Amino acid sequence: MPISRRQTLGTCYYPEHWPEERWTTDAKLMCEAGLTHVRIGEFAWSRLEPTRGEYQFAWLDRAIEVLADAGLKIVLGTPTATPPKWLVDEMPDMLAVDTDGRQRGFGSRRHYCFSHLAYRAECKRIVTQIAERYGRHPALAAWQSDNEYGCHDTVLSYSTAARDSFRDWLAQKYQSPDALNRAWGNVFWSMEYTAFDQIELPNLTVTEPNPAHVLDFRRYSSEQVVAFNKLQCDVIRCYSDAPTSHNFMGSVIDFNHYDVGADLDIATWDSYPIGFLDRDTDDEEIKARYLGVGDPDLQAFHHDLYRACGAVRNGEDQGRWWVMEQQPGPVNWAPYNPSPSPGAVKLWAWEAFAHGAELVSYFRWRQPSFAQEQMHEAMLLPNGEPNEAFHAATEISSILHDLGAETTNARADVALVFDYETAWAWQTQPQGADFSALDAALRWYRALRKLGLNIDIVPPTAAAMEGRKLIVLPSLFSISDELSAALERSQASILIGPRTGSKTPDFQIHPDLPPGPLQRLIDLKITRVESRPPFAKLAVEDDLGLVDGWREFGRAGGAVSCRLKDVEGVPSWYQAGRVHYVTVRPDQQLSNHIAREISVEAGLIIYDLHRDVRIRRNGRLRYVFNYGPEAVDVSDLVCADKLVHGTSQLSPRGVAICELGD
Amino acid sequence: MPISRRQTLGTCYYPEHWPEERWTTDAKLMCEAGLTHVRIGEFAWSRLEPTRGEYQFAWLDRAIEVLADAGLKIVLGTPTATPPKWLVDEMPDMLAVDTDGRQRGFGSRRHYCFSHLAYRAECKRIVTQIAERYGRHPALAAWQSDNEYGCHDTVLSYSTAARDSFRDWLAQKYQSPDALNRAWGNVFWSMEYTAFDQIELPNLTVTEPNPAHVLDFRRYSSEQVVAFNKLQCDVIRCYSDAPTSHNFMGSVIDFNHYDVGADLDIATWDSYPIGFLDRDTDDEEIKARYLGVGDPDLQAFHHDLYRACGAVRNGEDQGRWWVMEQQPGPVNWAPYNPSPSPGAVKLWAWEAFAHGAELVSYFRWRQPSFAQEQMHEAMLLPNGEPNEAFHAATEISSILHDLGAETTNARADVALVFDYETAWAWQTQPQGADFSALDAALRWYRALRKLGLNIDIVPPTAAAMEGRKLIVLPSLFSISDELSAALERSQASILIGPRTGSKTPDFQIHPDLPPGPLQRLIDLKITRVESRPPFAKLAVEDDLGLVDGWREFGRAGGAVSCRLKDVEGVPSWYQAGRVHYVTVRPDQQLSNHIAREISVEAGLIIYDLHRDVRIRRNGRLRYVFNYGPEAVDVSDLVCADKLVHGTSQLSPRGVAICELGD
Amino acid sequence: MPISRRQTLGTCYYPEHWPEERWTTDAKLMCEAGLTHVRIGEFAWSRLEPTRGEYQFAWLDRAIEVLADAGLKIVLGTPTATPPKWLVDEMPDMLAVDTDGRQRGFGSRRHYCFSHLAYRAECKRIVTQIAERYGRHPALAAWQSDNEYGCHDTVLSYSTAARDSFRDWLAQKYQSPDALNRAWGNVFWSMEYTAFDQIELPNLTVTEPNPAHVLDFRRYSSEQVVAFNKLQCDVIRCYSDAPTSHNFMGSVIDFNHYDVGADLDIATWDSYPIGFLDRDTDDEEIKARYLGVGDPDLQAFHHDLYRACGAVRNGEDQGRWWVMEQQPGPVNWAPYNPSPSPGAVKLWAWEAFAHGAELVSYFRWRQPSFAQEQMHEAMLLPNGEPNEAFHAATEISSILHDLGAETTNARADVALVFDYETAWAWQTQPQGADFSALDAALRWYRALRKLGLNIDIVPPTAAAMEGRKLIVLPSLFSISDELSAALERSQASILIGPRTGSKTPDFQIHPDLPPGPLQRLIDLKITRVESRPPFAKLAVEDDLGLVDGWREFGRAGGAVSCRLKDVEGVPSWYQAGRVHYVTVRPDQQLSNHIAREISVEAGLIIYDLHRDVRIRRNGRLRYVFNYGPEAVDVSDLVCADKLVHGTSQLSPRGVAICELGD
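Owing to the predicted nature of the structure, the values given are computational and were not obtained by experimental measurement.

### Description of the overall build of chain A
Within chain A one finds 18 helices and 25 strands. Relative to its length of 662 residues, chain A is compact, with a C-alpha radius of gyration of 25 Å against a globular reference of 26 Å. If you line up chain A on its principal axes, its C-alpha atoms span 80 × 70 × 45 Å. Within chain A, residue pairs in contact and separated by at least 24 positions form 70% of the contacts whose partners lie at least 6 positions apart. Approximately 20400 Å² of chain A is accessible, and the part contributed by carbon and sulfur atoms is 49%.

Okay, structure coming up:
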């Protein structure tokens, strides 16, 4: 039975940035704000080992003592995201190489190639030193390996180290060049190899490389991240019983987070709602409306995704997960960096708790006056005085305490499959310029969240399909036998989006035509695929929405009915009993329509939420959020006498919490 | 007297991609669809020679036998566009280098530098092997050298091989550094050389290189393509009497296609109307209207252009030409890849036949399930079943048979000069960002085609001027004495666009000022040139259209009249008898107006075609096309009782064919 | 007491481009046009020294004699912007390296790295030769060192020479790696160095480098330009008493022009109003309105800026300055190159004279028919006949003579601080994508010029603050003690824009929070900064304008009043007596409002000029300009009986000059 845990707050602290005499004040202030956890150490290699072998742990010993003495729990980071210059100078080929063939130099962070084995050995060495020293410290709450794998496009490296290691990986996988040639279809354009050491990395080709070549390189690269992380976790476990974690980024899909999660006890992620808003939509109306609060669904999506990543290792349904870094104010790294709207800093924390986060940790404690992130706000001003997030945290921690808020691990009725290989596949072969797996998933996610549903985001495993009422496969590129069987066994309604099941694992079109094995669920063959530019969207009958850039033409068997057509008479939605195949990329209006229809048929209890309102249930508590700029009456969503926080007249960026019956 | 040839269909086939046991079925299906020609072999080097010297022709022998036994004629490609990896590893410096100085690696196709002599020797070797073996095969209909020269920007290579060879070429051309310095004007900015081996390629300079330097490099690079192609044709002719061909691309202007054509018996090209639409206009209204059928004039333009290329070798007026690859459905390589509208796949073939194509060959026979083009549709689905283009071809071949359609070689009354050096010159020195020779030609081409005229696109030779009623010089950068004399001799009306005759062959402003030698035809000196941004178009008097970004100011002699002015009172159109100089880049409306006026004065019979309608005459047949989304009444263009195909109520993307009197 | 000098015209001439027999004609025509000065020689290295040590001065001797004999004064350029190929081949590592690590090759101009000491030695050698030969020539009016430092982004070079020299520079500045680590805050992300030779140049890092690292590299790079220039000036002064000059570019801010100016007797600049228009705004309405005349304020801004640069060496208030190159017609280097509107070529010269220019020199005398600038118009056509600018110059020189126009050196009441370090700082850390120091300065400059004020642009020195009525600090990144004290002493109204005083010289946030030392003038702490995208501008109360992308949140002391708020109630403008802090980037409307209010309070006499009209006073003369496309009545600005040129009904691009009383 899953363990419930108390929900709490933390922060990220860099004692090495501040005078030692300040540390006690900082620790005291943290406690005053109600923080319980503090992450330290993750960029401090040059202070822990200023030159090779000259370890300097005394300052860290003292910093930990100060924090522990104040009653704070420590999350200790390994410093491997920032190898010091002396180490880089010893082995300059540890640097990654970008897609243009240029070495990515020292001078910021993440300047290493995951494939470089000698660098991995160095990481093992420093992690061993740290784990040995602090692994049994009573204040130690958790470990963090490295920092933000994949940030700054650092998963893919076109280095010599990567090339050589990729060749070995291919040799291991395919055993013979002929097998590889067949799997990749290298007879096309005479790309056949007679030896594995003929194979180059798939960059700087004249025109696009073989997509199978790219996909294998993506798989290989992801596995290097997994191995890099596992090495650290294995070392740590030799010296410590504290759980391991890593702080994922949002919208980074360059490695398989489920696979990394399999070596972690806790998945954490770094949530910057405002900075992400700019990246994740081009719609200026939406950007302007949510400028100071961020996309109302994007953080939630990541909460649900990383909850799944935290579950992989312990085999639970829903895993341990934290927000390791929560935006506290304007940041420095987006093209524009607006101020959070009043209330937003608190709303973000509550949305995380509503999704089951154990810990929300603000990044960072005090704004540095120097270096790259000097314009990134923090809980304290650069001069050490409290800033907005300090006061927000103080308020939240008090309410958390009053609520006795705890994580729960209830499996949701709705499972939405998100798969990293699929994401790589469609990046490699978008066919229409703007087709992406993340976008495809988000459209359905938004539609379902608008219905007020709790959603689990899941990997494409048989186990994840169990006990669901609705399963959504937005664009899964290849269907395993195991998954196919699970879907056949399931009683759930199944919503299948375009491109699902269209390929073999070798990135070939499925020999039975798409949707491949899913034809066992619905008798339908896709015979044509078209992608259309943004100015050529097609209306769907009855003005239910638009075909937004992707349309498939199918040949359906007799038991399959056409549920909807576009204005040209081409079917947009096929149905065979509980199984639905949507042949188009629907715009949000059409996505909402389809999701609502199928949810009703699946027996789910749904709402029709106001544009700005979102709800989520965590255990006995329902959270209601207003992401909009105007107050909204949410009395239909909360029972006035069960309100434990907030009011039913939800102010802009306001949060209400009510207790539900069982 | 020119030879008429029966018009027919073909396809492109890759037996090496499919199980040998399938070959007979494929050949049978091809015949069922009425195909007569099949192209094979052009990417098969790794199968013909898996390692150096290990020739494996048996499979190709068998494939040819199967196809020949079914009655199909073979077009055999040389595989030099895809050298295998073992060859690249033997001589890695055969790879081209891009403008940023990066080597363009193995892993797709066209990974070679045209200047690399050792690679040329390898091509000669493999072509010799193939020509020797198959040159006298009775089923052999033609050869194809390489594949799509210039595709993927592969003409210009900044390799060491190119640099060294360019130096020799310059030494040969100029004989002394001083002569080169004078021709290029190298005294400007102290760019003078004292030895040919001081000269670098014109990339990676601090600001723009000398345009004369660039133009010579463009000429040099084009000549390498010519030499590369000629080497193969020369080898082939030692062993075979079958005609040689090469499949040009659309909108590629990086080498002189007339010069390559001089070594070919047949010019062919690869026609992808939908994919090109996106590249060739920014007008979203046009893109949306013709999304599923492509630009109504762009394919026609290329048909007319490559007909001229096919004529160079045999000295005929109008040459042999084919569509070697015709789009059969959605493709994979454009940013968006829409489906052809109903009827479009047929319309394209008929437009080609209307322009005198001997062969329209669909690319490709069967959609592969693997590698880069797996999303490119074909005549058969990946699972081997017939797809739309199969049925379209079946219908067309039957009608062709009934019509007894043949090519003709009638010289058109209208000649429009398109010159590759001019295209390079204006790419090198656009002066206004969007000025291009292709665009300048297309504006007049569209205007003339709207009048229902047959048009010959021609090189700037004296011979091409003969027997014309209207000659159009859109922007010819330099006028030879030979051409100038021919124009003086001609009785034709002459329409001269801006920049024509403005330079010497050395890329210097003509010493008599522009339009240089054409001042013998019209007494006019251009004293100022201005280019204007898109938001600053100027109206022309009487709302006849707009000055679209380019305007010249002239000083005209007394015999020259000003025929039109813009709203600022600056002349837009000068006339001296039958000679017209248009000082501006006219928008399409103004182009249409001017072309109409001059065509009438030239005694041409013209129409005023509906926006979507195009016509062309081939011999006794007039073809009428409806590129639009609505039906159009074309009874004024066809005599109902002379209709041999279609009806006078032309459906969307419909085609009507009628017989004309003599 | 400052010296007044007669105002006159010149041109730029390349005798080496033309047959020697033409020189006399050219000289005669120059005199006919009333030109007095002619610049020569600045790109002629390959003619002066075709191979190492083979000096060829005879042709230049003769050219100078021809020009001098005609009575022309010579400005002699050193040819170091165009080292010949033989020199580059001797030391290829003299070439600069771009930010992507690619060497910037020979083939155009400015192909050298300022840090390359051996190239500097070569420059010293050739300059010595030239200075020795011509330094005492009686016709010599001035020297010009090199040409357009910084043009084509040539200040920053990522070469090995730059890296090594930068390390030395850092060692000199910081004395120990620890001091550097502290100043830069390298503890952040373990960027600490233990030796200076570990430090790389700040390009090709994984994510952004430390801004302090970048700023020091910008300072270092600027100092190399200063040293490069000083070397030439020092050599020249050994052999010549003629003043030294250099021709700056517009909108180039990559080096400190004040510092270069400290080694020059005359600052000159190259004014191309039309080409700059495209670069300096995205507003198509403005671009279309001023297409043929350029931005009405941008040239004026540079006149005022470079007047300050010319003042640095001689310690005068306002320095000697010229327009060394004035646009004569369409140019060749902008994306589009429109024709100057009728009158514009004259207006530009008068605007320069109104700002105190001694010399306006048209670039160039005769349009070359060859090489990179063949499409750049000149005073003569390529065939040697006069073109528009010849006639314009003839008219201007005659009026100048009649007016007896002279430069004056009156200090303006208004000082606007422009600082190069600030420009680099905000390029390094824009925080909002479009925040720039130049833009910040221009907004206030436009607002003040609209009020009809004479404006001095000044460096942030105490001396420059003296005797002002209004001082504007648009965004000065760091405030020195000296400046702070001067501002405290001053009686002027002080207008402070956002970000002013926000940093220490080490690029750290000021420990007292922004605006740092200015808190001595106004009791205000900035606690939050937000940048907002273009679609999220905020209105200011009473519709006075918009907050345009930048907003700061402050904590003000009791003596500070809030003068204006935005619609969200956040203060936009704080005031404490004569000191004003504007917390936002105001749009032009709001800038105008604020500038007007403060100017009135500062006791300045202001106008409310028509949109297209500008005025400036030079000594006893007021110049009135109409930059617009329609005639404007300016009788309120000129006293009809004091008009010495033009009329009070100002035609489009017209100029009126009137005499003012004292």
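### What about the pattern of salt bridges?
Taken as a whole and assessed by the stated rule, the structure comprises 182 salt bridges over all chains. B:R133 is the salt-bridge partner of B:D61, the closest N and O atoms lying 2.7 Å from each other. Here the residue B:D61 occupies a position in helix α3 (residues 58-69), and B:R133 occupies one in helix α5 (residues 117-134), the gap between them amounting to 72 residues. Taking relative accessible area as the criterion, B:D61 reaches 22% and is therefore assigned partly exposed. In this structure B:R133 comes out as partly exposed when scored by relative accessible area, which is 44%. Here C:E32 and C:K28 are joined by a salt bridge, their closest N and O atoms 3.3 Å apart. Pair noted here: C:E32 and C:K28 are both in helix α1 (residues 23-32), with a separation of 4 residues, about one helical turn.

### So, the sheet that holds strand β11 (residues 470-473) of chain B
Residue and element names in this part refer to chain B. In space, the 7 strands of this open sheet follow the order β10-β9-β11-β12-β18-β17-β16, with mixed pairing throughout. Bordering the open sheet on either side are β10 (455-458) and β16 (561-565), each of which pairs with just one other strand. Adjacent strand axes in the sheet meet at a mean angle of 20° when their direction is disregarded. Pairing of strand β9 (residues 414-417) with β11, which is carried by 3 bridges, proceeds in the parallel orientation.

### Digging into the sheet that holds strand β18 (residues 579-582) of chain C
All names here are of chain C. Pairing within the open sheet is mixed, and its 7 strands lie in the order β10-β9-β11-β12-β18-β17-β16. Each end of this open sheet is capped by a strand with a single partner; those strands are β10 (455-458) and β16 (561-565). Neighbouring strand axes in the sheet, compared pairwise and without regard to direction, differ in orientation by 20° on average. Relative to strand β17 (residues 571-576), β16 runs antiparallel, the two sharing 4 bridges.

### Details of the interface of chain B and chain A
On the side of chain A, 45 residues touch chain B, which itself brings 59 residues to the contact. Both sides together, the interface formed by chain B and chain A hides about 4400 Å², and carbon and sulfur atoms give 56% of it. The interface formed by chain B and chain A contains 6 salt bridges. Close ionic contact of B:E385 with A:R555 constitutes a salt bridge, the shortest N to O distance being 3.0 Å. Between chain B and chain A we count 26 residue pairs in polar contact (both at pLDDT 80 or more) in total. The set of elements that each furnish at least two residues to the side of chain B that touches chain A consists of α2 (45-48), α4 (85-90) and α11 (284-289) of chain B. Of the residues that constitute the side of chain B that touches chain A, the class distribution is 23 nonpolar, 21 polar and 15 charged.

### Structural notes on the pairing of strand β15 (residues 546-556) of chain B
Note on strand geometry: in a regular strand, side chains alternate between the two faces of the sheet. Residue and element names in this part refer to chain B. Of the strand pairs in this sheet, strand β13 (residues 524-531) and β15 are connected by 7 bridges, and their pairing is antiparallel. Considered in β15, the bridge of L524 is made with A556. Here strand β14 (residues 538-539) runs beside β15; their pairing, made up of 2 bridges, is antiparallel. Considered in β15, the bridge of A539 is made with L546. Between β14 and β15, which pair antiparallel in sequence order, lie 6 residues; one of them, D542, sits at a positive phi of approximately 60°.

### Details of the interface of chain A and chain C
A common way to express how large an interface is: the accessible area buried when the components associate. At the interface, 59 residues of chain A touch 45 residues of chain C. Roughly 4400 Å² is buried in total at the junction of chain A and chain C, and carbon and sulfur atoms are behind 56% of that figure. On the chain A side of the interface with chain C, the three residues burying the most area are A:Y336, A:Q372 and A:M375, jointly 17% of the side's total. On inspection of chain A and its partner chain C, the count reaches 6 salt bridges. For the interface between chain A and chain C, the tally reads 26 residue pairs in polar contact (both at pLDDT 80 or more). Across the side of chain A that touches chain C, the residue classes tally to 23 nonpolar, 21 polar and 15 charged.

### Digging into helix α6 (residues 160-174) of chain A
Each α-helix winds once per 3.6 residues, and so residues spaced three or four apart point in a common direction. Residue and element names in this part refer to chain A. Spanning 15 residues, α6 covers 21 Å between terminal C-alpha atoms, matching the ideal 21 Å at 1.5 Å per step. Those residues of α6 that fall on the buried side of the exposure criterion are A162, F166, R167, W169, L170 and Y174. Take α6 and look down its axis: the buried residues cluster within an arc of 165°, on one side only. Facing away from the buried surface of α6 by more than 90 degrees, the exposed residues are T160, D168 and Q172. Close packing links the buried residues of α6 with α7 (177-184) and α8 (211-239). A positive phi of about 70° marks Q175, the residue just after α6.

### Some points on the relation of the copies chain A and chain C
Overlaying chain A on chain C yields an RMSD of 0.0 Å, the required transformation being a rotation through 120° with an accompanying axial translation of 0.0 Å. What the rotation and shift describe, once combined, is the action of a three-fold rotation axis.

### Digging into the pairing of strand β8 (residues 359-362) of chain A
Residue and element names in this part refer to chain A. With burial as the criterion, each face of β8 is covered, one bearing L359 and S361 and the other bearing V360 and Y362. One ladder, built from 4 bridges, connects strand β1 (residues 8-12) with β8; its direction is parallel. Residue L9 lies in a different strand from β8, and its bridge partner there is V360. Relative to β8, strand β7 (residues 321-326) runs parallel, the two sharing 2 bridges. Looking across to β8, one finds that V323 is bridged to V360. After leaving β7, the chain enters helix α13 (residues 344-354) and then returns to the sheet as β8, a path that is right-handed.

### Some words on the side chain of A:D146
Residue and element names in this part refer to chain A. The topology assignment puts D146 in the loop between β4 (140-144) and α6. Taking the relative accessible area as the measure of exposure, D146 reaches 0% and is therefore buried. At a separation of 2.6 Å, a polar atom in the side chain of D146 contacts the side chain of T80. Within the local environment of D146, its side chain forms a polar contact with the side chain of R110, the two groups lying 2.8 Å apart.

Thresholds applied
- Residues numbered from 1 in each chain as written.
- Chains lettered and ligands numbered in written order.
- Predicted model: local features only at pLDDT ≥ 70, side-chain atom pairs only at ≥ 80, totals over all residues.
- Heavy atoms only, no water.
- Helix = DSSP H or I, 4+ residues; strand = E, 2+ residues; numbered from the N terminus.
- Rg over C-alpha atoms; globule rule 2.2 N^0.38 Å.
- Contact = heavy atoms within 4.5 Å.
- Areas by Shrake-Rupley, 256 points an atom, 1.4 Å probe, with all protein chains shown as cover.
- Salt bridge = Lys/Arg side-chain N within 4 Å of Asp/Glu carboxyl O.
- Buried < 20%, exposed > 50% of the residue type's maximum accessible area, 1.4 Å probe, protein only.
- Pairing = 2+ DSSP bridges.
- Axes fitted to C-alpha atoms, helices over the stretch in contact; angles between N-to-C directions.
- Buried area = accessible area lost by both parts, 1.4 Å probe.
- Polar contact = N/O pair within 3.5 Å; in protein donor to acceptor, adjacent residues only side chain to side chain.
- Nonpolar A, V, L, I, M, F, W, Y, C, P; charged D, E, K, R; others polar.
- Expected span 1.5 Å × (residues − 1).
- Arc of directions from axis to C-beta.
- Least-squares fit on C-alpha atoms with pLDDT ≥ 70 in both.
- Right-handed = clockwise from strand over helix to strand, strands pointing away.

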